[in-house]
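In case you want the letters, here they are:
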Amino acid sequence: MDNREAAAAVVHRPYVPAETQMTELTVRGLIVGSLLGIVFAASSVYLGLKVGLTVSASIPIAVLSITIFRAFGKATILENNIVQTTGSAGESLAAGVAFTLPSLLLMGFEMNALRATLVALLGGALGVLMMIPLRHGLIVKEHGKLTYPEGTACAEVLIVGEKGGMSARTVFGGLGAGALFYTLGKVFKFWGEYPSWSFNKWFKGGSLSFESNPALVGVGYIIGTRTSNIMMAGGVLSFLVLIPLITLFGPGMTSALYGAGTPVSAMSTGQIRNAFVLYIGAGAVATGGVLTLIRSLPTIISAFKRGLGNVSFGGEKPAAVPRTEQDLSMRVVLGGSLALVVAIAIAPSLGINAFSAVLIILFGFFFVTVSSRITGEIGSSSNPISGMTVATLLITCLLFLAVGWTGVPYKEMALCTAALVCVAASNGGTTSQDLKTGFLVGATPRNQQIAIMVGVLTSALVIGFTLVALNRAATTYVPKNYPGFVASEATATSTGGDLLAFAPEPYAFRGTDYRVLYVRNEVGGVPRGKYLVGRDNHIAFLADPGVSGVEPVQRREDGSVEKVVSKFDAPKARLFQLIIDGVLERNLPWSLVLIGVFLALLLDLCGVSVLPFAVGAYLPLSTSSTIWLGGIARWLADKRSKVSAEESESSPGVLFASGLIAGGALIGLLSAALEGVDTTVPGPDGLPRQVTLLKHWGLELCYKLFGEARGGAIEASANWSILPLVGLAGLLFWVASRRPKAA
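Residues numbered from 1 in each chain as written. Predicted model: local features only at pLDDT ≥ 70, side-chain atom pairs only at ≥ 80, totals over all residues. Heavy atoms only, no water.

Enquirer: What should I look at first to understand the overall build of the protein in this one?
Expert: When its secondary structure is counted, the protein shows 28 helices and twelve strands. Within the span of the protein, comprising 743 residues, buried residues form 59% of the whole. Of the contacts formed within the protein by residues at least 6 apart in sequence, a portion of 77% connects residues at least 24 apart. Total accessible area computed for the protein in this model is approximately 29300 Å², and 64% of it derives from carbon and sulfur atoms. (Helix = DSSP H or I, 4+ residues; strand = E, 2+ residues; numbered from the N terminus. Buried < 20%, exposed > 50% of the residue type's maximum accessible area, 1.4 Å probe, protein only. Contact = heavy atoms within 4.5 Å. Areas by Shrake-Rupley, 256 points an atom, 1.4 Å probe, with all protein chains shown as cover.)

Written as structure tokens, this is what we have:
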């Protein structure tokens, strides 16, 4: 085996020979890569919160880099590679942060920007450091065995671009189409965001809905027809089987998981989902992650052994090493790892002690090794990062349980531990793809490792603020009344000081200052969450978070609707919260979760891929059905164009779909900002009232052109709103079905 691997490494000839000296690591390359990485990092945070998925940014960034540098003077292939290497860090960091940190909101903690920034920065740096000693063993020696599909495809794009046969028009076209579509719908309100139909008249509890979001259509195209079909099947099970069954057999049943004494007959479809189906879906997702991890054990053990076997502490002098084999020194790895342990342990916003910091480094090396090998075999999109995070969280919580660390602060510590490992594993997989691209085009590994470190730094500075901004924009304030509960410092002290905590600064809402109370476990009948407390020491409002929240409607004091927001479901966040509670508190809703567990096992026995089905069952049907539209476009396009699997990796369809994701996500960010920032204006009665910038600036053009009544009817019409979405999927099919012209 070793002889064949060595022979494969010798036979390989990079596009740029090792002896060739060429412009590579430049300031302009790092700047352009950082800027593109910031854009894709922000859009990936949005996408990760929305659907629990992100898409590799390397190929779109490579195409954009080629185009940008052609406009300002041609760059070398190695400089373009530095741009995509720098920019790719943003997506991987965003995935790890968006998947994990929203769990803090579900456990009654604050999700602040500093914590998110540190998790992205330190976890991302850990992923890069761990890949330095592993590069030669996994990228070079395993060449021909580990294909790293996204890295290989990106290398092909760079090589074709160097030869003059590549254009970014398709990516820009997708970005423009996605941005225009979402602007017309979400900002200008020319059609509704959620076209939906209720079947209550003839099928009690049944419903069908879509989401007019171009990013979801692009995701469906990229993940493929089979996966999108399985996700749609999961959504059908939840919304057209389970919810109707609950409605049919238990109309008078109430659930302690959703508001005291609320009967099913009085719940909306969304409320039934939140009370019952959400936990079934979470159980299925957890089981899918564990099954994936168990099946990956042979690969994991092999990767771990190879990683240890390939760790090198030097020996050859740098001058004797070919340019294409020069890595950062092992001293950087050891010194950097030690510095990370210290930084993680002393950072107050992370709440992690030295023991957990050491665990992070150990788990980080293990799962970066695993992540790199799995991405080499099956690609980044199929890399079970969530499964590795589940494993880290389970092991950490069990260790905490063994030593008696079961209090509320240790929940925060366990989650931040898993979050850092999740980011490290995600970025380790992305770094592997980048290094594979560099290996094929003839890049200098040391320069790539420096570039991705720069990308980690610049992208991390944006991810935290984007996460907090999106959460704040979709937060709603719901009146709550708990007359028997006194929210005071004395009450907080009597509970031990951990279950209740007041924020140091008050929060101004509708012209009144309120104290902010965090309830981290149910106390006196008050569910955990964030609350606004009045001067009478009684809770006045629940601050329902924009991420993983369940109250999309905020009403004025007279009961009229003030605003309706689109919450970010963050599907994996609730899963991680359930694991922490289940292990440390034994507080899982086990009956519902176990239904999901056995449902996943049933599907696995039938040969169905469990994870996409479970995610589809967990997410709102509107999300899964829109992703399914993209998958249908992929199926029709593949039948018509008959491209090979290799060609499809960088086909016009994939590039256009990537543009749809970027354009839709960026307008989603802009819309969230416009809807999340309020300004005070005189109302019809002359009294001041708060309205969003979207309304204040008159950007809701549909209402401006057709009036409130007719504009509202247009936006509310499901039959009309579905047509532009189908048209967008048709446009994607048309672009994708064209075979790329030969260079």
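There is more to say after this.
Enquirer: Looking at this model, I keep getting lost on unusual backbone geometry. Mind explaining?
Expert: With a phi close to 65 degrees, Asn537 is a non-glycine residue in the positive phi region. Summarising the element assignment, Asn537 is placed in the loop between strand 7 (529–533) and strand 8 (539–544). Here the phi dihedral of Ser548 falls at roughly 70 degrees; this positive angle occurs in a residue that is not glycine. Tracing the backbone shows Ser548 in the loop between strand 8 and strand 9 (553–555).

Enquirer: Please clarify how the nonpolar core should be interpreted in this entry.
Expert: Where a protein is soluble and globular, its nonpolar side chains tend to be buried together. Membership of the largest hydrophobic core comes to 170 residues, with the highest contact counts inside it found for Leu49, Val97, Leu101, Leu350 and Ile352. Ranked by residues supplied to this core, first place goes to helix 17 (residues 408–441) with 17 residues. If you look at the next biggest cluster of nonpolar residues, it comprises 19 residues, including Ala177, Phe181, Val217 and Leu725. (Core = buried A, V, L, I, M, F, W, Y, C linked by side-chain atoms within 4.5 Å.)

Enquirer: Which parts of the structure should I look at to understand the packing of aromatic side chains?
Expert: Overall, the coordinates contain 15 aromatic pairs when judged by the stated rule. Aromatic side chains Phe188 and Phe190 sit 6.3 Å apart centroid to centroid with 85 degrees between the ring planes, which places their arrangement in the edge-to-face category. On the numbers, 6.1 Å between centres and 25 degrees between planes, the contact of Trp202 with Phe203 is stacked. Pairwise contacts between aromatic rings join Tyr477, Tyr507, Phe509, Tyr514 and Phe541 into one cluster. It is Arg273 that lies over the ring of Tyr618; its NZ or CZ is 5.8 Å from the centre. (Phe/Tyr/Trp six-rings, centres within 6.5 Å; stacked < 30°, edge-to-face > 60°. Lys NZ or Arg CZ within 6 Å of the ring centre and 35° of its normal.)

Enquirer: Help me understand the pairing of strand 10 (residues 561–564), please; the structure alone is not making it clear to me.
Expert: Look at any regular strand and the pattern is simple: side chains alternate between the two faces of the sheet. Bridge count for strand 9 against strand 10 is three bridges, and the pairing is antiparallel. Following the sheet pairing, Gln554 is matched in strand 10 by Lys563. In sequence, strand 9 turns back onto strand 10 through a hairpin of five residues, with Gly559 there showing a positive phi of about 90 degrees. (Pairing = 2+ DSSP bridges.)

Enquirer: Where do I start with the environment of Leu78 in this structure?
Expert: Tracing the sequence through the fold places Leu78 in helix 4 (residues 77–100). In sequence terms Leu78 and Ile159 are 81 residues apart; their C-alpha atoms lie 9.9 Å from each other. Excluding its chain neighbours within four sequence positions, the residues that come into contact with Leu78 are Val16, Met22, Thr23, Glu24, Arg323, Val441, Gly442 and Ala443.

Enquirer: What is the right way to look at the packing of helix 23 (residues 621–641) against helix 28 (residues 718–736) in this model?
Expert: A pair of packed helices is captured by two measures, namely the crossing angle of their axes and the spacing between those axes. Running from N to C, helix 23 and helix 28 point in directions that differ by 30 degrees, and their axes come no closer than 9 Å. With respect to helix 28, the axis of helix 23 lies roughly parallel. For the crossing formed where helix 23 meets helix 28, the hand is right-handed. Judged by residue contacts, Thr626, Leu629, Ala633, Leu636, Ala637, Arg640 and Ser641 of helix 23 engage Leu725, Ala729, Leu732, Phe733 and Ala736 from helix 28. The class makeup of the residues in the contact of helix 23 with helix 28 is nine nonpolar, two polar and one charged. (Axes fitted to C-alpha atoms, helices over the stretch in contact; angles between N-to-C directions. Parallel < 35°, antiparallel > 145°, perpendicular 65-115°, else oblique. Left-handed = near helix turned anticlockwise from the far one by under 90°. Nonpolar A, V, L, I, M, F, W, Y, C, P; charged D, E, K, R; others polar.)

Enquirer: Help me understand a nonpolar patch on the surface, please; the structure alone is not making it clear to me.
Expert: A contiguous nonpolar patch, built from Val241, Leu245, Leu248 and Phe249 and spanning about 420 Å² of accessible area, is present on the exposed surface. Using a relative accessible area of 66% as the deciding quantity, one classes Phe249 as exposed. (Patch = residues over 30% accessible without salt bridge, like charges linked within 9 Å, V, L, I, M, F, W, Y side chains within 5 Å. Salt bridge = Lys/Arg side-chain N within 4 Å of Asp/Glu carboxyl O.)

Enquirer: Got a minute to help me understand helix 3 (residues 58–71) in this structure?
Expert: An α-helical segment advances 3.6 residues per turn. Residues three or four places apart therefore align on the same side. Here helix 3 contains 14 residues, and its C-alpha end-to-end distance of 20 Å stays within 8% of the 20 Å for a straight helix at 1.5 Å per residue. Counting buried residues along helix 3, ten of its 14 residues qualify, which places the element largely inside the surrounding structure. Taken residue by residue, helix 3 has Ser58, Ile59, Pro60, Ile61, Ala62, Val63, Leu64, Ser65, Ile66 and Phe69 as its buried positions. Downstream of helix 3 by a residue or two, Gly73 has a phi angle that is positive, lying close to 105 degrees. (Expected span 1.5 Å × (residues − 1).)

Enquirer: What am I meant to see in the pairing of strand 7 here?
Expert: In terms of burial, strand 7 is largely enclosed, as four of its five residues are buried. Across five bridges, the pairing between strand 6 (residues 512–519) and strand 7 is antiparallel. Bridging across to strand 7, Leu517 finds its partner in Tyr531. Two strands pair when backbone bridges link them, and strand 7 and strand 8 are joined in this way by three bridges, in the antiparallel orientation. Note that in strand 8 the partner of Leu532 across the bridge is Phe541.

Enquirer: Mind showing me how you'd approach the packing of helix 10 (residues 214–223) against helix 23 here?
Expert: Look at helix 10 against helix 23: their axes get within 7 Å of each other, and the N-to-C directions meet at 50 degrees. Compared by their axis directions, helix 10 and helix 23 come out oblique. Relative to helix 23, the crossing made by helix 10 is right-handed. In contact with Leu216, Val217, Val219, Gly220, Tyr221, Ile222 and Ile223 of helix 10, helix 23 contributes Thr623, Thr626, Ile627, Gly630, Gly631, Ala633, Arg634, Ala637 and Asp638. Looking at side-chain class alone, the contact of helix 10 with helix 23 contains nine nonpolar, five polar and two charged residues.

Enquirer: Help me understand the side chain of Ser548 in this model?
Expert: Using a relative accessible area of 7% as the deciding quantity, one classes Ser548 as buried. Beyond its immediate stretch of four places on either side in the chain, Ser548 contacts Pro102, Leu106, Phe568, Asp569, Ala570, Ala573 and Arg574.

Enquirer: I would appreciate a short explanation of the confidence of the model for the protein in the present structure.
Expert: Atomic detail in the predicted coordinates should be set aside for any region of low pLDDT. For the protein, the average pLDDT comes to 82, and 86% of its residues sit at 70 or higher. By mean pLDDT, the top-scoring element of the protein is helix 28 (95), and the lowest-scoring one is helix 1 (residues 2–11) (42). For the stretch residues 1–10, pLDDT sits under 50, and the model shows six contacts to residues farther than four places along the chain or on other chains. (pLDDT = per-residue confidence, 0-100.)

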